[in-house]
Amino acid sequence: VKVLGGNLYSGDLGVIAMKEMLQNAVDSVRAVANSAKNGQVAITVKGRTVTVSDNGPGMLPDIATAELVDIGGSKKEEGSSGGFGIAKVAIFANSDRIQVTTVAVDPATKGAIETVLTGSGADWLDQSKGFQVRTRGVPSGTKTGTTISVDIAGDAAMSSYAVKAWLENFTAVHRLPMKISAVVDGEKMTGNTWESTNAGPLRKLTELEFPGGTMTILASEHAGERAMAGVKILNNGLPQFTADIYL
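Cut-offs used in this document
- Numbers given for residues are sequential positions, taken from 1 along each chain in its written order.
- With pLDDT at 70 or above as the cut-off, local features in this predicted model cover only qualifying residues; side-chain atom pairs require 80 or more to be listed or tallied, and sums for whole chains, interfaces and linings still use all residues.
- Hydrogens and water are ignored here; the side-chain numbers use all heavy atoms of the structure.
- The salt bridge criterion pairs a side-chain nitrogen of Lys or Arg with a carboxyl oxygen of Asp or Glu, the two atoms within 4 Å.
- Secondary structure follows DSSP: runs of H or I at least 4 residues long count as helices, runs of E at least 2 residues long count as strands, and numbering of each begins at the N terminus.
- Between buried and exposed lies partly exposed: a residue is buried under 20% and exposed over 50% of the maximum accessible area for its type, with that area taken using a 1.4 Å probe on protein chains only.
- How sure the predictor is of each residue is captured by pLDDT, a score from 0 to 100.
- We call two residues in contact whenever any of their non-hydrogen atoms come within 4.5 Å of each other.
- The length a helix should cover is 1.5 Å for every residue beyond the first.
- What qualifies as a polar contact is a pair of N or O atoms within 3.5 Å, subject to a donor-acceptor requirement within protein and to the restriction that residues adjacent in sequence count only when both atoms come from side chains.
- Stacked, tilted and edge-to-face are the three classes assigned to paired rings of Phe, Tyr and Trp, where Trp is represented by its six-membered ring and a pair needs centres within 6.5 Å; plane angles under 30 degrees give stacked, over 60 edge-to-face, the rest tilted.

1. A word on the pattern of salt bridges
Next up, step 1: Under the criterion given, the structure shown has five salt bridges.
Next up, step 2: Here R97 and D151 are joined by a salt bridge, their closest N and O atoms 2.9 Å apart. One end of the pair, R97, is in strand β3 (residues 95-105); the other, D151, is in strand β6 (residues 145-152), with 54 residues separating them in the sequence.
Next up, step 3: With a shortest N-O distance of 3.2 Å, D123 and K129 are connected by a salt bridge.
Next up, step 4: By relative accessible area, which is 16% here, D123 ends up buried.

2. Re the confidence of the model for the protein
Any residue range with low pLDDT should be treated as having predicted coordinates unsuitable for detailed reading.
Next up, step 1: With 71% of its residues at a pLDDT of 70 or more, the protein has an overall mean of 80.
Next up, step 2: The low-confidence segment residues 1-7 (pLDDT under 50) makes eight contacts with residues lying over four places distant or belonging to another chain.

3. Some remarks on helix α7 (residues 160-173)
Next up, step 1: Helix length check: α7, at 14 residues, gives a terminal C-alpha distance of 20 Å against a target of 20 Å (1.5 Å per residue), a fit within 8%.
Next up, step 2: Those residues of α7 lying buried are V163, W166, L167, E168, F170, T171 and V173.
Next up, step 3: You can read the cap of α7 off the contacts: a side-chain oxygen lies 3.2 Å from the backbone nitrogen of Y161, and it is on S159.

4. Overview of the packing of aromatic side chains
Next up, step 1: Overall, the coordinates contain three aromatic pairs when judged by the stated rule.
Next up, step 2: Summarising the aromatic geometry, the rings of F92 and W124 are spaced 5.6 Å apart at their centres and angled 85° between planes, so their arrangement reads as edge-to-face. Of this pair, F92 sits in helix α5 (residues 87-93) while W124 sits in helix α6 (residues 121-125); the two residues are 32 residues apart in sequence, bridging distant segments of the chain. Comparing F92 with W124 shows no difference in burial state: the two are buried.
Next up, step 3: Summarising the aromatic geometry, the rings of F92 and F131 are spaced 5.9 Å apart at their centres and angled 65° between planes, so their arrangement reads as edge-to-face. Linking F92 in helix α5 with F131 in the loop between α6 and β5 (132-138), this pair joins segments that are 39 residues apart in sequence. Summarising the burial analysis for this pair, F92 and F131 share the class buried.
Next up, step 4: Joined through ring pairs, the aromatic side chains of F92, W124 and F131 make up one cluster.

5. Notes on the environment of G11
Next up, step 1: For G11, the location among the structural elements is in the loop between α1 (2-8) and α2 (13-30).
Next up, step 2: Those residues in contact with G11 that sit more than four places away from it in its chain are I16 and A157.

6. Quick notes on the side chain of D54
Next up, step 1: Along the polypeptide, D54 turns up in strand β2 (residues 49-54).
Next up, step 2: Each residue touching D54, except ones within four places of it in the same chain, is listed here: A25, S28, V29, Q40, V41, T144, G145 and T146.

This is the structure we're talking about:
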């Protein structure tokens, strides 16, 4: 399973972990009323530890275990930016330490419940052992949300340069209607890349309707001035990939 995950998601595992965990955090925040005003996602990378927190609705114990303990489990709904199903194979199987803390309100009792899952990649792969799962009631008014933290194993590919480059690009181009902060080894990612500061404002060229969604095409005011242009593809406001095209 560990090899399968690595083959399906080849590349820098730090970047893969950030992207997948971020997509899930964003989808969670979108489920909250007034997410554009109150939604928050925080990404912190320190050494080989990747932590993503959100203030979404959190997960009740049964959802948390189905989503994160079961290898193939996922509660993703249609329209989500990403899936934490097979993606977590690559992340969890190649992590020395995994901790998930989530707080959700039980609709039946209206009480807040905190669920904490801890273990290693080896624990997660061994379904007879699995994560340690602890639950407890927490005071009314405790903020809901989820924090996932993983220590990427030393034998897995992870470059601080690649992590910083991905996050700088993300903060520069994302169109997410929520507050997002990103810090790598104590350095705040601002999105002030050369490309973002020299591209100029974007203008809407057209909008295309297709079954299940809409594609909006925007261009820099300097598009066409150079022989090659960078094209960035976003899904629900989240950057997916970049390609260069010749004009």
